[in-house]
Amino acid sequence: LLVIDVGNTNMVFGVFDGDKLIANWRLSTQSGRTADETGLMIRNLFEYSEVSVDDIEAIIVSSVVPNVMYSTLNGIKKFLKKDPIVVRAGIKTGINLKYENPRELGSDRIANAVAAYDEYGGDKPVIFIDFGTATTFGVVANDEKSEHGAFLGGAIFPGIKLASEALTSGTAKLPRFALAKPENVIGRTTLTNLQSGMFYGY
């Protein structure tokens, strides 16, 4: 199974044999890529692994970037000869979406909810946290009206990289800085103050 997670910053690929991850790759998400470029890039990734592209039986795609979906899906169809499943509201996952408008819910959060429920069950509520361009929290529990799990909702706020970029671009004197763990919580330079605020703040 080839799984593809299209995020705002990166596209992450994984190949599973049953429950075992046997290959994985990461590319930058770029809206300008054509279907041919995307399909060829995906095929080429297999050339540098022990997995043959011909061994892929199914493909599933989760994306929060609508403007790359045409090239991604068509590149897969053309170069991998498979019709991928796309994660979205309405797909049968075993999770009930307790969202006022489920179509607003990102496919990444649907996938996270399914994974959290599969890993921990819903006897007690589970919180999942996804650190991406945006940091998202979600709550999953048993659905009171069915035997399925339920995504109850959550919270979204700026991811750590996005927040650090906003901090430096929105101020006159604060410099750009590397996201790194400083030695002390209380910094003694502007740089270590920024790093401490971002690392320990989050």
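Residues numbered from 1 in each chain as written. Predicted model: local features only at pLDDT ≥ 70, side-chain atom pairs only at ≥ 80, totals over all residues. Heavy atoms only, no water.

Draft legend 1. Here's a closer look at the nonpolar core. Judged by nonpolar contacts, the single largest core of 25 residues is most densely connected at Leu 2, Ile 4, Phe 13 and Phe 46. Listing elements by their share of this core, those giving two or more residues are strand 1 (2-6), strand 2 (10-17), strand 3 (20-28), helix 1 (35-47), strand 4 (59-63) and helix 2 (69-80). At 5 residues, helix 2 tops the list of elements feeding residues into this core. If we skip the residues at most four places from it in the chain, Phe 46 touches Leu 2, Val 15, Trp 25, Val 51, Ser 52, Val 53 and Ile 56. In this structure, Val 87, Ala 116, Val 140 and Phe 151 belong to the second largest nonpolar core, which totals 11 residues. (Core = buried A, V, L, I, M, F, W, Y, C linked by side-chain atoms within 4.5 Å. Buried < 20%, exposed > 50% of the residue type's maximum accessible area, 1.4 Å probe, protein only. Helix = DSSP H or I, 4+ residues; strand = E, 2+ residues; numbered from the N terminus. Contact = heavy atoms within 4.5 Å.)

Draft legend 2. Geometry of the environment of Glu 50. When you line up the elements, Glu 50 lands in the loop between helix 1 and strand 4. For Glu 50, a relative accessible area of 85% translates into the label exposed.

Draft legend 3. Inspection of the pattern of salt bridges at higher detail. Enumeration over the complete set of coordinates arrives at 3 salt bridges. Put simply, Asp 36 and Lys 78 hold a salt bridge, and the shortest N to O gap is 2.8 Å. Here Asp 36 is found in helix 1, whereas its partner Lys 78 is found in helix 2, with 42 residues between them in sequence. Here Lys 77 and Asp 83 are joined by a salt bridge, their closest N and O atoms 3.8 Å apart. (Salt bridge = Lys/Arg side-chain N within 4 Å of Asp/Glu carboxyl O.)

Draft legend 4. Region of the structure containing the pairing of strand 2. Pairing of strand 1 with strand 2, which is carried by 5 bridges, proceeds in the antiparallel orientation. What sits directly across from Ile 4, in strand 2, is Phe 13. Connecting strand 1 to the next strand, strand 2, in antiparallel fashion are 3 residues. Note that strand 2 and strand 3 share 8 bridges and pair antiparallel. Each bridged residue has a counterpart across the sheet, and for Val 12 the counterpart in strand 3 is Arg 26. (Pairing = 2+ DSSP bridges.)

Draft legend 5. Region of the structure containing the sheet that holds strand 3. As summarised here, the arrangement of the 5 strands in space is 3-2-1-4-5, forming an open sheet in which the pairing is mixed. A strand with exactly one partner marks an edge of an open sheet, and here the two such strands are strand 3 and strand 5 (85-86). The sheet contact formed by strand 4 and strand 5 spans 2 bridges and is parallel. Of the residues in strand 5, the one forming a bridge with Val 61 is Val 86. Here helix 2 sits on the sheet in contact with strand 1, strand 2, strand 4 and strand 5, set at roughly 170° to strand 4. (Axes fitted to C-alpha atoms, helices over the stretch in contact; angles between N-to-C directions.)

Draft legend 6. Broad picture of a nonpolar patch on the surface. Residues Ile 127, Ile 129, Phe 131, Phe 157 and Tyr 202 make up a contiguous nonpolar surface patch of about 500 Å² in total accessible area. Among the elements that line the nonpolar patch, the one with the most residues is strand 7 (residues 126-131), at 3 residues. Relative to the elements of secondary structure, Ile 129 occurs in strand 7. (Patch = residues over 30% accessible without salt bridge, like charges linked within 9 Å, V, L, I, M, F, W, Y side chains within 5 Å. Areas by Shrake-Rupley, 256 points an atom, 1.4 Å probe, with all protein chains shown as cover.)

Draft legend 7. Spotlight on the pairing of strand 9 (residues 149-158). Relative to strand 9, strand 6 (residues 95-97) runs parallel, the two being bridged by 3 bridges. Bridge pairing in strand 9 places Ile 95 opposite Gly 149. Strand direction decides the pairing type here: strand 8 (residues 134-142) and strand 9, joined by 9 bridges, are antiparallel. Paired with Ala 134 across the two strands is Pro 158, which belongs to strand 9.

Draft legend 8. Expanded view of the sheet that holds strand 6. What the 4 strands build is an open sheet, ordered 6-9-8-7; its pairing is mixed. Every interior strand has two partners, whereas the edge strands, strand 6 and strand 7, have only one. Strand-to-strand twist in this sheet, taken as the mean axis angle between neighbours without regard to direction, amounts to 30°.

Draft legend 9. Examining a negative patch on the surface more closely. A cluster of acidic residues, Asp 17, Asp 54, Asp 55 and Glu 57, forms a negative patch on the protein surface. Considering the arrangement of structural elements, one finds Asp 17 in strand 2. Relative accessible area serves as the criterion here: at 55%, Asp 17 is assigned to the exposed category. (Lys, Arg positive; Asp, Glu negative; His and termini not counted. Charge placed at Lys NZ, Arg CZ, Asp CG, Glu CD.)

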